[in-house]
Amino acid sequence: MKQICDVCGYVYDPAQGDPSSGIKPGTAFEDLPDDWVCPTCGVGKGSFSPV
């Protein structure tokens, strides 16, 4: 399930992952490391909501 950053609107798409942070495609949001942050604005996972 996609997740959107409540601060800046960045959308984390598990199908694409986050290559800039070394997150491979197919990685579910809940499987992201606890210290992962939004690549656009730097907030943590707690600032994301389901799309």
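Each remark here, short or long, concerns the structure printed above.
> For this particular structure, what's the right way to read the side chain of Asp 13?
Topologically, Asp 13 is positioned in the loop between β2 (11-12) and β3 (48-50). In terms of polar contacts, Asp 13 uses its side chain to reach the backbone amide nitrogen of Ala 15, at 3.0 Å.

> Is there a simple way to think about the packing of aromatic side chains in this case?
Any aromatic ring pair is given by two values, namely how distant the centres are and how the planes are angled relative to each other. Under the counting rule described, the total for this entry stands at six aromatic pairs. Aromatic pair Tyr 12 and Phe 29: ring centres 5.9 Å apart, planes at 55°, arrangement tilted. With Tyr 12 in strand β2 and Phe 29 in the loop between β2 and β3, this pair connects stretches of sequence that are 17 residues apart. Aromatic pair Phe 29 and Phe 48: ring centres 5.3 Å apart, planes at 40°, arrangement tilted. Taken together, the positions of Phe 29 in the loop between β2 and β3 and Phe 48 in strand β3 put the pair 19 residues apart, joining distant regions of the chain. A relative accessible area of 8% means that Phe 29 is categorised as buried.

Parameters at a glance
- Residues numbered from 1 in each chain as written.
- Predicted model: local features only at pLDDT ≥ 70, side-chain atom pairs only at ≥ 80, totals over all residues.
- Heavy atoms only, no water.
- Helix = DSSP H or I, 4+ residues; strand = E, 2+ residues; numbered from the N terminus.
- Polar contact = N/O pair within 3.5 Å; in protein donor to acceptor, adjacent residues only side chain to side chain.
- Phe/Tyr/Trp six-rings, centres within 6.5 Å; stacked < 30°, edge-to-face > 60°.
- Buried < 20%, exposed > 50% of the residue type's maximum accessible area, 1.4 Å probe, protein only.

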